[in-house]
Amino acid sequence: MKINIHKILQAPSIILLLLWMIVPLGMTLYFSFQRYHLLYPERSGFAGLSNYDFFLTDPALGVSVLNTLTLVGGVIVISVILGLGISLLLQEAFRGRGIIRILLISPFFIMPTVNALMWKNMFMNPAYGLFAYISEIFGLPVVNWLAELPLLSIIIMLSWQWTPFALLIFMTSLQSMDQEQIEAAEIEGAGFWAKFRYLTLPHLGRAIGVVVMIQAIFHLGVFAEIYVTTGGGPGHDSTNTTWLIFKQALLAFDVGVASAGGVFAIIVANIIAFFLIKTVAKGMGK
Amino acid sequence: MIIGYRNMKRIKHQTTVLACCILAVIFFFPIFWMVLTSFKTELQAIQFPPVLFFEPTLENFSIINENSDYTKHALNSIITSLGATALAIIIAVPSAYSMAFFPGRYTKDILLWMLSTKMLPAVAVLMPIYLLAQWSNLLDTRIVLIFILAMMNLPIIMWLLFAYFKEIPKEILEASRMDGASTMEEIRYVVLPLAWGGIASAALLSIVLCWNEAFWTILLTAADAGTLTALVASYSMPEGLFWAKLSAASTLACAPIVVFGWFAQKQLVQGLTFGAVK
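Residues numbered from 1 in each chain as written. Chains lettered and ligands numbered in written order. Predicted model: local features only at pLDDT ≥ 70, side-chain atom pairs only at ≥ 80, totals over all residues. Heavy atoms only, no water.

Trainee: Tell me about the overall build of chain A, and name the residues and values.
Mentor: Each helix and strand counted, chain A has 13 helices and two strands in total. Radius of gyration (C-alpha) of chain A: 24 Å, far over the 19 Å computed for a compact globule of 286 residues. Here the C-alpha coordinates of chain A stretch approximately 80 × 75 × 30 Å along the principal axes. The burial tally for chain A puts 52% of its 286 residues in the buried class. The long-range share in chain A, meaning contacts at least 24 apart out of those at least 6 apart in sequence, stands at 68%. (Helix = DSSP H or I, 4+ residues; strand = E, 2+ residues; numbered from the N terminus. Rg over C-alpha atoms; globule rule 2.2 N^0.38 Å. Buried < 20%, exposed > 50% of the residue type's maximum accessible area, 1.4 Å probe, protein only. Contact = heavy atoms within 4.5 Å.)

Here is the structure:
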């Protein structure tokens, strides 16, 4: 009797998530072997591996995978290093620290679309952006950020948003550090680096793992920032795998090829997740 | 002259404080500037060199307010965020309760599997979801958004609630059972009051994530169910033309959730890390 009631209690969440996963996944897999073009509905039927062939031989694929990795890696490295540094600075107690902290974490709550449009118009616009203004003051050439350095521009936008996230987690984690241990180390004559290397870093191991993993999940699917700024261009310079597949699906209307791309994206995500969990588990094992 | 230890410490303290202030200004500056721009005229907004002092105008806000679109988009954001969060919580509470207090052989595996659904790239299932929504005439409706956002946040909420319920001592539940409480009464009168903090932090996190979600909200909505993220995205096309109005719209779109985030930051950390970082 008891067991039945718990099956009933657990069923909705498990069944819904299972449907949410299996149905679209199955359809993606099915479509990936079909000829399915929204503009040419008369062309249908089994396509064999031709969708995969088309997607995998697309010269943009290699670029987009590389861009995705650069994007994910770049943002994670920048946000973890900055987040670590700032969280250590904020260890110092002073009046007004609460306000400083609130100002520092605010970017995390900004919508991705607002974030990207803000940077695009406010800073990176070559005609009236603040970066252009600063360049002019110092007599430097004006950079058209989104056209010349599109990927870096997006990395900057994302880092601005996600450094506060890393900071938030590190600050919380640092609060639980053993103060007596630190004092003991100081009495022993440990300098800043020694304390950082042997006390702070190991303590933060788990927090860093969490930050890296959550960011990887979010940044593998970066979409809005590209959608409202570069549109994946110029050329394929800021196309990530998400954007490449999106383009096949909703701009080229080719469901078959887009689905083959989707299967590819799932495989890539799983490989990255596998390595991540392995590394993170190692980091947390200490 | 030798600088004393005390002085050294003071200099170090002051440098640190100064560095924190500078960093805070840098990180907050874009938001500040956006809010500032929302009070400028369109001409001032793209003036070069940029203007810092000017006669503020509320024109942008009144234009956006008059534009009934804004209210509609805001309402859509509120309804979908709250709706999806409520749905996910309602589904998750009984399950998490049952898994936390009556774990089966596969409970841990089920939880891990649930989390792994978050690893599934959204774009990989874009076409199926799009077509399913189209076939069932749910494209551009709030219902489909509520369902999708709920499914996206369900794994995180499950983990969070599971972690919170685990911390409730089993003895309390056993005592209530001795008094003859049914399972539903147990959840209603014992578990819910005790885990209120955990449920609240799960809900807060879910609301923030829903509010800022910008894949499905952009791709599955148009005129009817468009949320604020979609509204802001729609401004991206005419390059810089409406920068001041866009700033006003962005300010209105972000202000609620940013203020919300300020108050909820502690709970959000617990939510984001499944309580693993304390």
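Trainee: I'd like a rundown of the overall build of chain B, residues and numbers included.
Mentor: Within chain B one finds 13 helices and zero strands. Against the globule reference of 19 Å for 278 residues, chain B gives a C-alpha radius of gyration of 24 Å, more extended than a compact globule. Judged by the C-alpha coordinates and their principal axes, chain B covers about 75 × 75 × 35 Å. Counting across all 278 residues of chain B, residues that qualify as buried make up 52%. A fraction of 76% describes how many contacts in chain B between residues 6 or more apart in sequence connect residues 24 or more apart. Surface summary for chain B: the accessible area is close to 13100 Å², and the carbon and sulfur share equals 68%. Counting 17 positive and 16 negative side-chain charges, chain B places the averaged centre of each group 15 Å from the other. (Areas by Shrake-Rupley, 256 points an atom, 1.4 Å probe, with all protein chains shown as cover. Lys, Arg positive; Asp, Glu negative; His and termini not counted. Charge placed at Lys NZ, Arg CZ, Asp CG, Glu CD.)

Trainee: How would you summarise the side chain of Ser77(B) if you had to cite specific residues and measurements?
Mentor: Residue and element names in this part refer to chain B. Relative to the assigned elements, Ser77 resides in helix α4 (residues 68–101). Note on Ser77: relative accessible area 1%, which makes it buried. Discounting residues that sit within four places of it in the chain, Ser77 has contacts with Trp211, Thr227 and Leu228.

Trainee: Outline the interface of chain B and chain A, listing residues and values.
Mentor: Contacts between the two partners involve 89 residues from chain B, matched on the other side by 89 residues from chain A. Buried area between chain B and chain A, both sides added, is near 8200 Å², and the carbon and sulfur share of it is 82%. It is Phe27(B), Phe48(B) and Met119(B) in chain B that bury the most area against chain A; as a group they hold 9% of the surface buried on that side. The interface formed by chain B and chain A holds zero salt bridges in total. Among the residues forming the side of chain B that touches chain A, the class breakdown is 70 nonpolar, 15 polar and four charged. (Buried area = accessible area lost by both parts, 1.4 Å probe. Salt bridge = Lys/Arg side-chain N within 4 Å of Asp/Glu carboxyl O. Nonpolar A, V, L, I, M, F, W, Y, C, P; charged D, E, K, R; others polar.)

Trainee: Give a detailed account of the packing of helix α4 (residues 97–105) of chain A against helix α8 (residues 150–175) of chain A, specifying residues and quantitative values.
Mentor: Any two packed helices are characterised by how steeply their axes cross, that is the angle between the axes, and by the distance between the axes. All names here are of chain A. At a minimum axis separation of 8 Å, α4 and α8 run at an interaxial angle of 140 degrees. Relative to α8, α4 is oriented oblique. Contacts between α4 and α8 involve Arg101, Leu104 and Ile105 from the first element and Pro164, Leu167, Leu168, Met171 and Gln175 from the second. Each residue belonging to the contact of α4 with α8 can be placed in one class, and the counts come to six nonpolar, one polar and one charged. (Axes fitted to C-alpha atoms, helices over the stretch in contact; angles between N-to-C directions. Parallel < 35°, antiparallel > 145°, perpendicular 65-115°, else oblique.)

Trainee: Describe helix α1 (residues 5–38) of chain B, and please don't skip the residues or the numbers.
Mentor: Turn by turn, an α-helix covers 3.6 residues, leaving residues three or four places apart pointing in a common direction. The first and last C-alpha atoms of α1(B) sit 49 Å apart over 34 residues, in line with the 50 Å expected at 1.5 Å per residue. The largest bend in α1(B) amounts to roughly 45 degrees and is located at Phe29(B), with the proline Pro30(B) lying one to four residues further along. (Expected span 1.5 Å × (residues − 1). Bend = angle between axes of the 7 residues up to and from the residue.)

Trainee: Break down the domain arrangement of chain B for me, with residues and values.
Mentor: All names here are of chain B. Structurally, chain B comprises domain 1 (5–38) and domain 2 (67–272). Summarising the inter-unit geometry, the C-alpha centres of domain 1 and domain 2 are found 34 Å apart. The partner domain 2 presents seven residues to the five residues of domain 1 that form the contact. Surface buried jointly by domain 1 and domain 2 totals about 510 Å² across both partners, of which 80% is contributed by carbon and sulfur atoms. When the buried surface of domain 1 facing domain 2 is broken down by residue, Met34, Thr37 and Ser38 rank first, second and third, together holding 77% of it. Put simply, domain 1 and domain 2 have zero residue pairs in polar contact (both at pLDDT 80 or more) between them. (Domains from an automatic or database assignment. Polar contact = N/O pair within 3.5 Å; in protein donor to acceptor, adjacent residues only side chain to side chain.)

Trainee: Help me get a handle on the pattern of salt bridges, residues and values and all.
Mentor: Where side chains of opposite charge bring their charged atoms close, a pairing between them can arise. This structure, assessed with the given rule, holds two salt bridges over all chains. Of the charged contacts, one joins Glu186(A) and Lys195(A) as a salt bridge, the two residues approaching to 2.7 Å between their closest N and O atoms. Taking relative accessible area as the criterion, Glu186(A) reaches 41% and is therefore assigned partly exposed. Across the salt bridge formed by Glu186(B) and Arg177(B), the nearest N and O atoms sit 2.8 Å from each other. By relative accessible area, which is 28% here, Arg177(B) ends up partly exposed.

Trainee: Account for the confidence of the model for chain B, with residues named and values stated.
Mentor: The predicted coordinates of low-pLDDT regions are not to be read in fine detail. On average, residues of chain B carry a pLDDT of 83, and 93% of them reach 70 or more. Taken element by element, the predicted model of chain B shows its lowest mean pLDDT in helix α2 (residues 42–45) of chain B (78) and its highest in α4(B) (90). (pLDDT = per-residue confidence, 0-100.)

Trainee: Break down the packing of aromatic side chains for me, with residues and values.
Mentor: Applying the stated rule across the entire model yields 33 aromatic pairs over all chains. Between Phe31(A) and Tyr36(A) the ring centres are 5.1 Å apart and the planes differ by 80 degrees, which places this aromatic pair in the edge-to-face class. Residue classification places Phe31(A) among the buried residues on the basis of a relative accessible area of 5%. Ring centres of Phe192(A) and Trp193(A) lie 5.4 Å apart, and the angle between their planes is 75 degrees; on these two criteria the pair is classed as edge-to-face. Linked through ring pairs, Trp119(A), Phe123(A), Phe131(A), Trp145(A), Trp160(A), Phe29(B), Phe32(B) and Trp33(B) together constitute an aromatic cluster. (Phe/Tyr/Trp six-rings, centres within 6.5 Å; stacked < 30°, edge-to-face > 60°.)

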